[in-house]
Amino acid sequence: MNRSRSHDLFQRARERSPGGVNSPVRAFRGVGGEPVFIERGEGAWMFDADGNRYVDYVGSWGPLLFGHAWKPVIDAVCAAAARGTSFGAPHAGEVDIAEAICAAVPSVEMVRLVSSGTEATSAAIRLARAATGRDRILKFAGCYHGAADPLLVKAGSGVETLGLPDSPGVPAGVAANTLTLPFNDVERLEELFTRHGETIAGVIVEPVVGNMGVLIPKPGFHEKLRELCTTYGAVLIWDEVMTGFRLARGGAQERLGIRPDLSTFGKVIGGGLPVGAFGGKRDLMKLVAPEGPMYQAGTLSGNPVSVAAGLAMLRALEDGKVYEALERTSARLCDGLSALAKEKGIPHVLNRVGSMWTMYFTDREVFDYDSAKTSDTARFGRFFHGLLDRGVYLPPSQFEAAFVSAAHDDAAIDHTLEAARGVLASL
Ligand SMILES: *Cc1c(COP(=O)(O)O)cnc(C)c1O
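Quantities reported herein were computed from a predicted structural model and do not represent experimental measurements.

Student: Outline the site of the ligand, supporting the account with residue identities and numerical values.
Tutor: Around the ligand, the structure places Ser 116, Gly 117, Thr 118, Tyr 144, His 145, Gly 146, Glu 206, Asn 211, Asp 239, Val 241, Met 242 and Lys 267. Here Tyr 144 contributes a backbone N or O atom positioned 3.4 Å from a nitrogen atom of the ligand. Asn 211 is positioned such that a nitrogen or oxygen atom in its side chain is 3.1 Å from an oxygen atom of the ligand. When the free accessible area of the ligand is taken as 380 Å², the share hidden by the protein chains comes to 83%. Residue composition of the shell around the ligand, grouped by class: three nonpolar, six polar and three charged.

Laid out in structure tokens, this is it:
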């Protein structure tokens, strides 16, 4: 496959941007080689600067539930942009999308729009601290909640791939207020709350983890966490930036039947444009300025073009049909991949929830950070590049979730399985 234009662009990019990219995991550090520069997308496919095409399982890292250049979003964006790209004043779309989010997610009674997932989680944590008057936050090793200081502690994928488990530049005092535990470990959770519960402002968790690859919560884990937060008066924050409106219209909380106090969103609710949101119980949200004292603001928050794209997405999810289709397609793909790997005698674990999946090259169960780390990342790198050269684009790191979209039809899945058959034979 000729990628000379991508190569030339990367040489130029490296001169002017750190690592040649604007977000670290795009740089292929976890798999080796040079990133592919994308020219356009169409449905399940992406086309690079040299005209090569790939079935895309990154989907812009989660937002593209209906695939690339999906017409309802493009139409909504064009119409909104023609009316003006930003007002810095309230507009009807903000009310519509807040109502749509609250209607889909019963635990969310009020919502504040922001411009990224990172902004949403940062504000949710500030709100937990404001509401409780406590400083400590608990997160789980390997979970990623955006690139804000208090959350860059044992933060998974991008950070992990670079070997920077704690980034320089995060003040020790900030990190000291962030406690971490292994995901899925109920015993250590109880121990920690028994010792420190009264000092914990909030707990932030990816309900279904996507940022060290996909991890499935064990039965009882989230139930115990909910119970402990209630008992000790800590605010339970579910970071649904990845899972919100992807795993179900009501997010992971609809699938798991648990109500957090606050939730954060991003990705799907922006339809591929920059958006984030945090919301939850009315008494907590009333603490946010200007109704309450907790300051939070943004020049482009509730941007009319982003909101129009988000509304086009959310309207298309109302009947829930897309989730049945995603489940069928994702099961066909993942069962197929698993069967091929088994046929070739390659030890692997394929974790999947709905349209989020990761194939780990290990013979051990993968349920937390340490077990995810048992995966053979060199083998993943060969798998990744083998697929890339055959026109299949996976996330360029073992520790990321791959995404199926509603645009992934039988032809796209057939192409992927055919490519995987060839690659797995030579791993
Ligand atoms: C992507 C992601 C974020 C960060 O969102 P950005 O829009 O990249 O700032 C936060 N939490 C989770 C769970 C995510 O997957």
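Anyway, onward from the coordinates.
Student: Can you tell me about empty space enclosed by the protein, naming the residues and giving the values?
Tutor: Summed over the entire model, instances satisfying the criterion amount to three cavities of 30 Å³ or more. Size it by volume and the largest cavity reaches roughly 60 Å³. What lines the largest cavity is Trp 357, Thr 358, Met 359, Phe 380, Leu 394, Pro 395, Ser 397, Gln 398, Glu 400 and Ala 402. Element by element, the count of residues in the lining of the largest cavity is highest for strand E12 (residues 356–360), at three residues.

Student: A description of helix H12 (residues 321–343) should follow, citing residues and the corresponding values.
Tutor: The end-to-end C-alpha separation of H12 is 33 Å, in line with the 33 Å expected for 23 residues at 1.5 Å each. Along H12, the positions that sit buried rather than exposed are Val 322, Tyr 323, Leu 326, Thr 329, Ser 330, Ala 331, Leu 333, Cys 334, Gly 336, Leu 337, Leu 340 and Ala 341. Those residues of H12 that are buried lie in contact with strand E11 (349–353), E12 and helix H15 (410–425). Positive phi shows up at Gly 345, right after H12, with a value of about 70 degrees.

Student: Break down the nonpolar core for me, citing the residues and quoting the values.
Tutor: With 74 residues, the main nonpolar core has Tyr 57, Phe 245, Trp 357, Phe 383 and Leu 424 as its most contacted residues. The residue makeup of this core includes at least three contributed by each of domain 1 (4–65 + 320–426) and domain 2 (71–316). When residues no more than four places from it in sequence are discounted, the contact partners of Phe 383 are Met 359, Phe 361, Leu 394, Val 423, Leu 424 and Leu 427. Judged by nonpolar contacts, the second largest core, of 40 residues, contains Phe 221, Cys 229, Tyr 360 and Phe 399.

Student: Break down the confidence of the model for the protein for me, with residues and values.
Tutor: Here the protein shows a mean pLDDT of 96. Residues at 70 or above account for 97%. Contacts for the low-pLDDT stretch residues 160–165, under 50 throughout, to residues beyond four places or in other chains number 14 contacts.

Student: Help me get a handle on the sheet that holds E12, residues and values and all.
Tutor: Taking strand neighbours across the sheet as the criterion, the three strands line up as E11-E12-E14 in an open arrangement whose pairing is antiparallel. Edge positions in the sheet fall to E11 and strand E14 (402–403), since each has one partner strand and no second. Pairing analysis gives five bridges linking E11 to E12, with the strands arranged antiparallel. Of the residues in E12, the one forming a bridge with Arg 352 is Trp 357.

Student: Run through the pattern of salt bridges, naming residues and quoting values.
Tutor: The final tally for this structure, using the stated rule, is 13 salt bridges. With its nearest N and O atoms 3.3 Å apart, the salt bridge here joins Glu 227 to Lys 224. Here Glu 227 pairs with Lys 224, and both are found in helix H8 (residues 221–232), just three residues apart, close to one helical turn. Taking relative accessible area as the criterion, Glu 227 reaches 42% and is therefore assigned partly exposed. Ionic contacts of the salt-bridge type, sharing partners, join the residues Glu 190, Lys 224 and Glu 227 into one network.

Student: Describe the side chain of His 222, naming the residues involved and giving the relevant values.
Tutor: Mapping His 222 onto the fold places it in helix H8. His 222 gets classed as buried once you look at its relative accessible area, which sits at 3%. For His 222, the side chain forms a polar contact with the main-chain oxygen of Pro 207, separated by 2.7 Å.

Student: Outline the domain arrangement of the protein, supporting the account with residue identities and numerical values.
Tutor: Along its sequence, the protein is carved into domain 1 (4–65 + 320–426) and domain 2 (71–316). Just the C-alpha atoms count here: the centres of domain 1 and domain 2 sit 25 Å apart. Listed per partner, the contact involves 34 residues of domain 1 and 33 residues of domain 2. In this assembly, domain 1 packs against domain 2 so that about 2,700 Å² is buried in total across both faces, 63% of it on carbon and sulfur atoms. Where domain 1 packs against domain 2, one counts zero salt bridges. At the boundary of domain 1 with domain 2, the tally comes to eleven residue pairs in polar contact (both at pLDDT 80 or more). Among the elements of the structure, H12, E11, E12 and helix H13 (369–372) are those that each provide at least two residues to the side of domain 1 that touches domain 2. Among the elements that line the side of domain 1 that touches domain 2, the one with the most residues is E12, at four residues. Within the side of domain 1 that touches domain 2, the residues separate by chemical class into 19 nonpolar, eight polar and seven charged.

Student: I'd like a description of the packing of helix H14 (residues 377–389) against H15, backed by residues and values.
Tutor: At a closest axis distance of 9 Å, the pairing of H14 and H15 adopts a crossing angle of 130 degrees. It follows from the interaxial angle that H14 and H15 lie oblique. Regarding H14 and H15, the two cross each other, and that crossing is right-handed. On the side of H14, the interface is formed by Arg 382, Phe 383, Gly 386 and Leu 387, while H15 contributes Thr 416, Ala 419, Ala 420, Val 423 and Leu 424. In terms of residue class, the contact of H14 with H15 is made up of six nonpolar, two polar and one charged.

Definitions and limits used
Residues numbered from 1 in each chain as written. Predicted model: local features only at pLDDT ≥ 70, side-chain atom pairs only at ≥ 80, totals over all residues. Heavy atoms only, no water. Near = heavy atom within 4 Å. Polar contact = N/O pair within 3.5 Å; in protein donor to acceptor, adjacent residues only side chain to side chain. Areas by Shrake-Rupley, 256 points an atom, 1.4 Å probe, with all protein chains shown as cover. Nonpolar A, V, L, I, M, F, W, Y, C, P; charged D, E, K, R; others polar. 1 Å grid on protein atoms, 1.4 Å probe; cavity = no way out; pocket = protein on both sides within 12 Å on 5 of 7 lines; lining within 4 Å. Points joined across faces, edges and corners; volume = space filled by probe spheres on them. Helix = DSSP H or I, 4+ residues; strand = E, 2+ residues; numbered from the N terminus. Expected span 1.5 Å × (residues − 1). Buried < 20%, exposed > 50% of the residue type's maximum accessible area, 1.4 Å probe, protein only. Contact = heavy atoms within 4.5 Å. Core = buried A, V, L, I, M, F, W, Y, C linked by side-chain atoms within 4.5 Å. Domains from an automatic or database assignment. pLDDT = per-residue confidence, 0-100. Pairing = 2+ DSSP bridges. Salt bridge = Lys/Arg side-chain N within 4 Å of Asp/Glu carboxyl O. Buried area = accessible area lost by both parts, 1.4 Å probe. Axes fitted to C-alpha atoms, helices over the stretch in contact; angles between N-to-C directions. Parallel < 35°, antiparallel > 145°, perpendicular 65-115°, else oblique. Left-handed = near helix turned anticlockwise from the far one by under 90°.

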